[in-house]
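Close look at the chain arrangement
Below, each chain spelled out in residue letters.
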Amino acid sequence: MIRNILGSLVALAGAASAVLSPFRDWYAGRAGQDYRLEDLFGGITAAESGVLVSILLPFLAAALLVIVGVVLRSRLVVALAGLVVLGFTILWMVRQGQAAGSLVVAGDGSGLQVGVVNALAGGLLMLIGALLMSGRGRRGRQSRREREPVEPYAAPAADQVDTWPPTQEPGMSVQTSPWPEPEVDPYTGPDPRDPRTRSYPQAPHPEDDPRDPVHPPHRPPPQG
């Protein structure tokens, strides 16, 4: 939470610096709003430009991206805005260097001026703000997933048995089968055909057992 607030403030400060930069001098006393946006692609000319068709236009778009990124807590959108500002500023420097033959920094105002510094600083602040932001995070995605309603399994029809997967109907879920369950044979002792258990004592078969299974054996009465 603190990282998002700090990153948002840094990114918004960068957006403000980028938007204000065209109203300051960029090169040799010429303000950034005097450079037409089309001059960045076709070459710098001496023609004057309107405010809304100047280099201010991409900077306004970048500021809107920063606001959207801060609201959505999206690091990617904020970083994209910073790249837009830096990209157009560097493109202007390339075109201005081609038009003037070279780029110089002079104390008398005949070279690069404070407007360019504001634009570059604004783009860098946007990137720094994107790095500081923590984004939505896993907790935000999990809470959103938890808020989504979970649909239960549909109840089975009246003529169907409650089978897997489990439903909301009462009772145990069973796995039905059209075939009868196999019965386990009772244990009758070791297998005489197995050489490993052939020496074990064998239980007598029921038909070979002389004892009466109903009446237990008893001693005959004494002869008197």
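Just so it is clear, the model here is predicted, and its values are computed rather than measured. In this convention, every chain numbers its residues from 1, walking through the sequence in written order. Selection of residues for local features in this predicted model requires a pLDDT of at least 70, selection of side-chain atom pairs for listing and counting requires 80 or more, and totals for whole chains, interfaces and linings are taken over all residues. With hydrogens and water set aside, each side-chain value is computed from the structure's full complement of heavy atoms.

Thoughts on the environment of Gly 87
One can find Gly 87 in helix H4 (residues 75-100). Sequence separation between Gly 87 and Gly 123 is 36 residues, and the spatial gap between their C-alpha atoms is 8.8 Å. A run of H or I in DSSP becomes a helix once it reaches four residues, and a run of E becomes a strand once it reaches two; helices and strands are each numbered from the N terminus.

A word on the packing of helix H1 (residues 2-20) against helix H5 (residues 114-132)
Two elements in contact, H1 and H5, have axes whose closest approach is 7 Å; the angle formed by their N-to-C orientations is 165°. Overall, the two elements H1 and H5 adopt an arrangement that is roughly antiparallel. H5 is crossed by H1, and the crossing has left-handed handedness. Counted together, Arg 3, Leu 6, Gly 7, Val 10, Ala 11, Ala 13, Gly 14, Ala 15, Ser 17 and Ala 18 of H1 and Asn 118, Gly 122, Leu 125, Met 126, Ile 128, Gly 129, Leu 131 and Leu 132 of H5 form the full contact between these two elements. Each residue belonging to the contact of H1 with H5 can be placed in one class, and the counts come to eleven nonpolar, six polar and one charged. To define axes, lines are fitted to C-alpha atoms, for helices over the stretch in contact only, and angles between the resulting N-to-C directions are given on a 0 to 180 degree scale. Orientation is classified from the angle alone, with under 35 degrees giving roughly parallel, over 145 giving roughly antiparallel, 65 to 115 giving roughly perpendicular, and any other angle giving oblique. The crossing is said to be left-handed when, going from far helix to near helix, the turn is anticlockwise and less than a right angle, and right-handed when the turn is clockwise. The criterion used for residue contact is that any of the two residues' heavy atoms lie within 4.5 Å. Only Asp, Glu, Lys and Arg are considered charged, only Ala, Val, Leu, Ile, Met, Phe, Trp, Tyr, Cys and Pro nonpolar, and every remaining residue, Gly among them, polar.

A closer look at a nonpolar patch on the surface
Exposure above 30% relative accessible area and the absence of a salt bridge qualify a residue for a patch, where like charges join within 9 Å and nonpolar side chains (Val, Leu, Ile, Met, Phe, Trp, Tyr) within 5 Å. Computed by Shrake-Rupley with a 1.4 Å probe, the accessible areas treat only the displayed protein chains as cover when residues are assessed. Criterion for a salt bridge: a side-chain nitrogen of Lys or Arg within 4 Å of a carboxyl oxygen of Asp or Glu. On the surface, Leu 12, Leu 64, Ile 67, Val 68, Val 71 and Leu 72 cluster together into a nonpolar patch covering about 550 Å² of accessible area. With five residues, helix H3 (residues 56-72) is the largest single contributor of residues to the nonpolar patch. With respect to the secondary-structure elements, Val 68 resides in helix H3.

Re the packing of H4 against H5
Look at H4 against H5: their axes get within 8 Å of each other, and the N-to-C directions meet at 160°. The angle between H4 and H5 falls in the class roughly antiparallel. Between H4 and H5 lies a crossing of left-handed hand. Residues Arg 75, Val 78, Ala 79, Ala 81, Gly 82, Leu 83, Val 85, Leu 86, Thr 89, Trp 92 and Met 93 of H4 form the contact with H5, whose own contacting residues are Val 116, Ala 119, Leu 120, Gly 123, Leu 124, Met 126, Leu 127, Ala 130 and Leu 131. In terms of residue class, the contact of H4 with H5 is built from 16 nonpolar, three polar and one charged.

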